[in-house]
Amino acid sequence: MTVNMTKGQAISLQKNDGTGLTAVRMGLGWQAAPRRGLFGSRTREIDLDASAVLFADKQPVDVVFFRHLVSDDGSVRHTGDNLVGGVGQGGDDEAILVDLARVPVHIDQIVFTVNSFTGQTFQEVQNAFCRLVDETNGQELARYTLAGGGQYTAQIMAKVHRSGSGWTLTALGTPTNGRTFQDLMPAILPHL
Amino acid sequence: MAAELVRGQNHPLSQMRLEIRVAAGKPVVAAATLGDEHGRIHGVAWVAHPGTPTLPGLEVSKQAAADHRLAVDLDAMPEAVHRVSVLLALPLGGDGPARFGAVAAPFVAVTGLDGTEVASYTITGLDAESAVVALELYRRQGAWKVRAVGQGYAGGLAELLTDQGLPQATHLAGSINEAVAHGLARSVAAPPPRTPDADRTRQTATPALGPEGSGSTTQGASGAVAPQPTSPYGAQGTSGAVAPQSGYDSGAAAVNPPAGDQHAAGPIDYSHPRRQTGAPPQPAPTAPSAPPGQPARPVAGDATGWSMEERLYNQVWGMFEDLARTMAAYRSAVDFADSRMGKELDQALSDPRSRIGGQGDAAREAAQAKHAQLIDQARAALDRDLDQLTAECEVVEPALPPAFAGWDNPVWHGYRVPMEIPMALRLGDLHLPESPELRIPMLVRLPLERGLWIDSGGAESLDGSFTDSHELRRLALDTAVAHAARLLAVYPAGEFAVHVIDPAGSAAQALVPLVHTGVLAAPPAVGAAGVTDVLTRLTQRVDLVQMAVRGGAADSLPPGLDTAEQLLIVNDFPHGFDDRAVTQLRYLADEGPSVGVHLMMVADREDAAGYGPLLDPLWRSLMRLTPLPDDHLADPWVGHAWTYEPSRVPPGSHVLRQVLTEVATARTKHR
């Protein structure tokens, strides 16, 4: 498991010149299932989903996932559901963009999760990874390799939370199980 | 797959000829020191830096740059060298940053000559340091490895070199900086930061250059694998000694016909034969860069689009969405603050201990203070966004073309009949109760997709004042006339026709601007016979055009058919309408828009209550507009209730009559 950030490690997104980090992107990529059988449709597609849950004082307030692509306030945007994965060469198949400067004042934590909607465990998925990128300069802040990650169907990846006037990123990397973010709520709450 | 190293991690190196790429975002100096098996540097000659860029097996750039490629040939290293340290330092002087904390985290990667990454390392956590040991290549039991170091020095190169055990450190640091300053003076400005993807393609596309001295072998190797461009015809003409070669070549020629053949047939032109917008549009005006800490000054047309009109349309919709979203943020923050205070107050009250002493009061005050603080923060964020949007509105409104502009916009005084149908039409303004002075133009696409319903009922307006129903009907008619006039004005001459049904003649007063300027297709239809006649004609027209379109025989329409879009204004519904007329109206509302027949009902839903729920689908299929401000429109993103207000002709203004006269004149010329 290549981890640029160790579990529980926190990095401040406040830059030293006082300007805070303004935009982060959570990217998720995986390799599509190989074609097999007579008909392409018999292929067991792999559908991983990225979600972001917005919390205010430990209460979920809003969520951005494949059924609700933009948070009501517009600060968190999902680039759209990918149902089959990509070529597995490092590009993001799904991404969630967070404009930290525009996040409503009462939202103090945003938790990023990954789920396997079609139920394959991360062991069965090729070249799966999720990462957090500083959108302003493309610098990768954290990366998890999900493939071969064991008998889990979900991961609570990281959270960004307010600290002082800026934001801090904490890598969580907790493996768990669930089909959508709703199933993960009990697992998320201890990390708040 | 490339290894992403963390600080202290090492990785074996299988190749001896390597490149070390550095991407720092801001110009940095790259240098390298050589050390023996104890890590000692044997004097100044063991340091490659911009002053002396080449050492055996090692080359660094001569100047400071945002991106570097250091060439390393480990085989060419002297036997005594056991360690190569790659250093980065910020150039002294100039206006660049003086500490790594002020720039993006530098990224270093060890790559093969073909550009494949072996290992990479992002140097994070730097702050006051101005020099850093990025990587270390070292010999371990005969094999080379790379280690991520990331050791920074606040004292710059001098401190770094001293730490490495170089006796003349300070002197060397000075000469490095001198060489850099020399190079900086003739270097060009740093390129804009590249995205990682762009960087990746560039890296694989350009062949990596070997270090000097070994360049000839690189060229020789690439020459051996380079495809020999041989003409298939030439190969066939040669002797039988190269028969296999020619066989291969003719096979290749069969698969890939010579380019000349394709040129003879002419390349396929994929452009649309009649569409004229193929040329790239003028670049959109962008907001000038603002001083740091202040939002950029807005500019009209700062959006995407092929024409200024499209850009303004997109900008207005962008403002609409921004206001909807920023208000959603504010409202949800306020809701949260309220509910949290409620909970905390309940807690304080239910706690029996708080009844003793001032504890309860203190808890209540604390909860109220927290509430006030959050609300203040939310309000500040909202005010910031509202200021920005207001400033944008101030520059956008005057720039709008007539179809997007309110009647009070001076652009209407210079009105000319357009040559083209605009992409959208302004039906009025939208605003939210928290920011009543910030009005977003409500633009709908043309041709209209739905009919309009100007509601002359619902006598209670937003501010609670009661307008009597007679007055309301008059207002509704005025609004309908203003909308109809606007539609007539924005279509080219003769491409829009307006019919009016006014069974009882009660709208005669309001219709004066339309009737007197002669822009109506026919005088308002009065009485039951008139109603039947107009409805039958329009129904037939919809039916005919639909049949022609479905049968793919648009050419066979009767020659007398008016090809203009039609608008039917219906007043006094349902008085004077029989069941047959009502059915025809519903048909027009459902089927008309797709073939250019639109409906504008001026009606009070209550009047048609006698029909029961039968007419509900009719009302639902029409877009409801009100003559007075009313909050019945929802935005498509968050679903706020927006207050709609029609664009009203300023009192005493003759702009409507002027515009309609212009339309009528253009129409006579057109005929």
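Residues numbered from 1 in each chain as written. Chains lettered and ligands numbered in written order. Predicted model: local features only at pLDDT ≥ 70, side-chain atom pairs only at ≥ 80, totals over all residues.

Going by what an unreviewed UniProt entry lists, chain A is known as TerD family protein and is assigned to Streptomyces prunicolor.

Asks: Where do I start with the overall build of chain B in this structure?
Replies: In terms of helices and strands, chain B carries 15 helices and 21 strands. The proportion of buried residues among the 671 residues of chain B is 35%. (Helix = DSSP H or I, 4+ residues; strand = E, 2+ residues; numbered from the N terminus. Buried ≥ 20, exposed ≤ 12 C-beta atoms within 10 Å, placed from the backbone.)

Asks: How should I be thinking about the overall build of chain A in this particular structure?
Replies: Summing up its helical and strand segments, chain A has one helix and 11 strands in all. The order of helices and strands in chain A, counted from the N terminus, is β-β-β-β-β-β-β-β-β-β-β-α. Looking at chain A as a whole, 42% of its 192 residues qualify as buried. Long-range pairs, those at least 24 residues apart, make up 66% of the contacts in chain A with a sequence separation of at least 6. (Contact = placed C-beta atoms within 7 Å.)

Asks: Explanation requested: the environment of R667 of chain B in the structure shown.
Replies: Residues and elements named next belong to chain B. With respect to the helices, strands and loops of the structure, R667 is situated in helix α15 (residues 655-670). Remark: the alpha-carbon pair of R667 and V519, spanning 148 residues in sequence, is separated by 8.3 Å. If we ignore the near neighbours within four places in the chain, the residues touching R667 are A493 and G494.

Asks: So what exactly am I meant to see when it comes to the interface of chain A and chain B here?
Replies: Counting residues at the interface gives 18 residues for chain A, matched by 25 residues for chain B. It is strand β9 (residues 139-145) of chain A that provides the largest number of residues to the side of chain A that touches chain B, a total of three residues. The residue makeup of the side of chain A that touches chain B, split by class, is four nonpolar, eight polar and six charged. (Nonpolar A, V, L, I, M, F, W, Y, C, P; charged D, E, K, R; others polar.)

Asks: Just checking my understanding: could you explain the sheet that holds β9 of chain A for this structure?
Replies: Sheet strands pair by backbone hydrogen bonding; their relative direction is either parallel or antiparallel. All names here are of chain A. Read from one edge to the other, the open sheet built from five strands follows the order β5-β6-β2-β8-β9, with strand pairing classed as antiparallel. Each edge of the open sheet is held by one strand with a lone partner, namely β5 (76-78) and β9. Strand-to-strand, the axes of this sheet are offset by a mean angle of 15 degrees, without reference to chain direction. Relative to β9, strand β8 (residues 129-134) is paired through six bridges, and the arrangement is antiparallel. Bridge pairing in β9 links D134 to Q139. (Pairing = 2+ DSSP bridges. Axes fitted to C-alpha atoms, helices over the stretch in contact; angles between N-to-C directions.)

Asks: I tried to follow the environment of R450 of chain B on my own but got confused; where do I start?
Replies: Residues and elements named next belong to chain B. Assignment of secondary structure puts R450 in the loop between β14 (440-445) and β15 (451-455). Judged by local crowding, R450 falls into the partly exposed class, with 15 C-beta atoms found within 10 Å. Each C-alpha atom of the pair R450 and M600 lies 9.5 Å from the other, and the pair is 150 residues apart in sequence. In this structure, R450 is in contact with P593, S621, L622 and M623, ignoring residues within four places of it in sequence.

Asks: Honestly, the pairing of strand β6 (residues 94-99) of chain A in this entry has me stumped. Any pointers?
Replies: Both faces of the sheet carry side chains from a regular strand, because those side chains alternate between them. All names here are of chain A. Examined bridge by bridge, strand β2 (residues 23-29) and β6 share six bridges and lie antiparallel to one another. Each bridged residue has a counterpart across the sheet, and for R25 the counterpart in β6 is L97. Examined bridge by bridge, β5 and β6 share three bridges and lie antiparallel to one another. Within the sheet, the bridge partner assigned to R77 lies in β6 and is L97.

Asks: What is the right way to look at the packing of helix α8 (residues 308-350) of chain B against helix α9 (residues 359-399) of chain B in this model?
Replies: The description of two helices packed together rests on the angle between their axes and the distance between the axes. All names here are of chain B. Two elements in contact, α8 and α9, have axes whose closest approach is 9 Å; the angle formed by their N-to-C orientations is 175 degrees. In this view, α8 runs roughly antiparallel relative to α9, as classed from their interaxial angle. In terms of residue class, the contact of α8 with α9 is built from 23 nonpolar, five polar and five charged. (Parallel < 35°, antiparallel > 145°, perpendicular 65-115°, else oblique.)

Asks: What should I look at first to understand unusual backbone geometry in this one?
Replies: Note: most peptide bonds trans; most residues except glycine with negative phi. Residues and elements named next belong to chain B. Cis geometry marks the peptide bond from L446 to P447, where omega comes out at -5 degrees. With respect to the helices and strands, P447 occurs in the loop between β14 and β15. Of note in the backbone geometry, D572 takes a positive phi value of approximately 65 degrees without being a glycine. Residue placement: D572 occurs in the loop between β17 (565-571) and α13 (579-591). On the neighbour-count criterion, D572 (22 C-beta atoms within 10 Å) is buried.

Asks: Sorry, what's going on with the packing of helix α12 (residues 527-550) of chain B against α13 of chain B here?
Replies: Residue and element names in this part refer to chain B. The N-to-C vectors of α12 and α13 enclose an angle of 35 degrees; their axes lie 10 Å apart at closest approach. In terms of crossing hand, the pair formed by α12 and α13 is left-handed. Contacts from V531, T532, L535, L538, T539, V542 and Q546 of α12 reach α13 at A581, Q584, L585, Y587, L588 and E591. (Left-handed = near helix turned anticlockwise from the far one by under 90°.)

Asks: Explain α9 of chain B to me, please; I cannot follow it from the model alone.
Replies: Residues and elements named next belong to chain B. Under the 1.5 Å per step criterion, the end-to-end length of α9 is 60 Å for 41 residues, consistent within 8% with the ideal 60 Å. All buried positions along α9 are accounted for by H371, L374, A378, A381, L382, D385, L386, L389, E392 and V396. On its buried side, α9 packs onto α8. (Expected span 1.5 Å × (residues − 1).)

Asks: Please explain the sheet that holds strand β16 (residues 496-501) of chain B as it appears in this structure.
Replies: All names here are of chain B. As summarised here, the arrangement of the five strands in space is β16-β17-β18-β15-β19, forming an open sheet in which the pairing is parallel. This sheet does not close on itself; its edge strands, each paired only once, are β16 and β19 (622-625). Strand-to-strand twist in this sheet, taken as the mean axis angle between neighbours without regard to direction, amounts to 20 degrees. As paired strands, β16 and β17 are joined by six bridges and run parallel to one another. Within β17, the position partnered with V500 by the bridge is I569. Those strands touched by helix α10 (residues 469-490) are β15, β16, β17 and β18 (597-603), and its axis lies near 160 degrees from that of β18.

Asks: For this particular structure, what's the right way to read the pairing of strand β9 (residues 107-111) of chain B?
Replies: Residue and element names in this part refer to chain B. Of all five residues that make up β9, five are buried, and the element is covered over most of its length. Residues F107, A109 and T111 line one face of β9 and the alternating positions V108 and V110 line the opposite face, and both faces are buried. For β9 and strand β10 (residues 117-122), the ladder comprises five bridges, and the chain directions are antiparallel. Within the sheet, the bridge partner assigned to F107 lies in β10 and is T122.

Asks: So what exactly am I meant to see when it comes to the nonpolar core here?
Replies: A general trend in soluble globular proteins is that nonpolar side chains are found buried together. Residues and elements named next belong to chain B. A484, L488 and M600 are the most contacted members of the largest nonpolar core, which totals 145 residues. In terms of residues, this core owes the most to one element, α8, which gives 16 residues. Taken domain by domain, this core gets at least three of its residues from each of domain 2 (308-400) and domain 3 (450-670). The contacts of M600, once residues within four sequence positions are left out, are G451, L452, I454, A480, H483, A484, L567, L568, I569 and V570. (Core = buried A, V, L, I, M, F, W, Y, C linked by C-beta atoms within 7 Å. Domains from an automatic or database assignment.)

Asks: Which parts of the structure should I look at to understand the environment of T668 of chain B?
Replies: Residue position: T668 of chain B is located in helix α15. The spatial distance from the C-alpha of T668 of chain B to the C-alpha of A493 of chain B is 8.8 Å, given a sequence separation of 175 residues.

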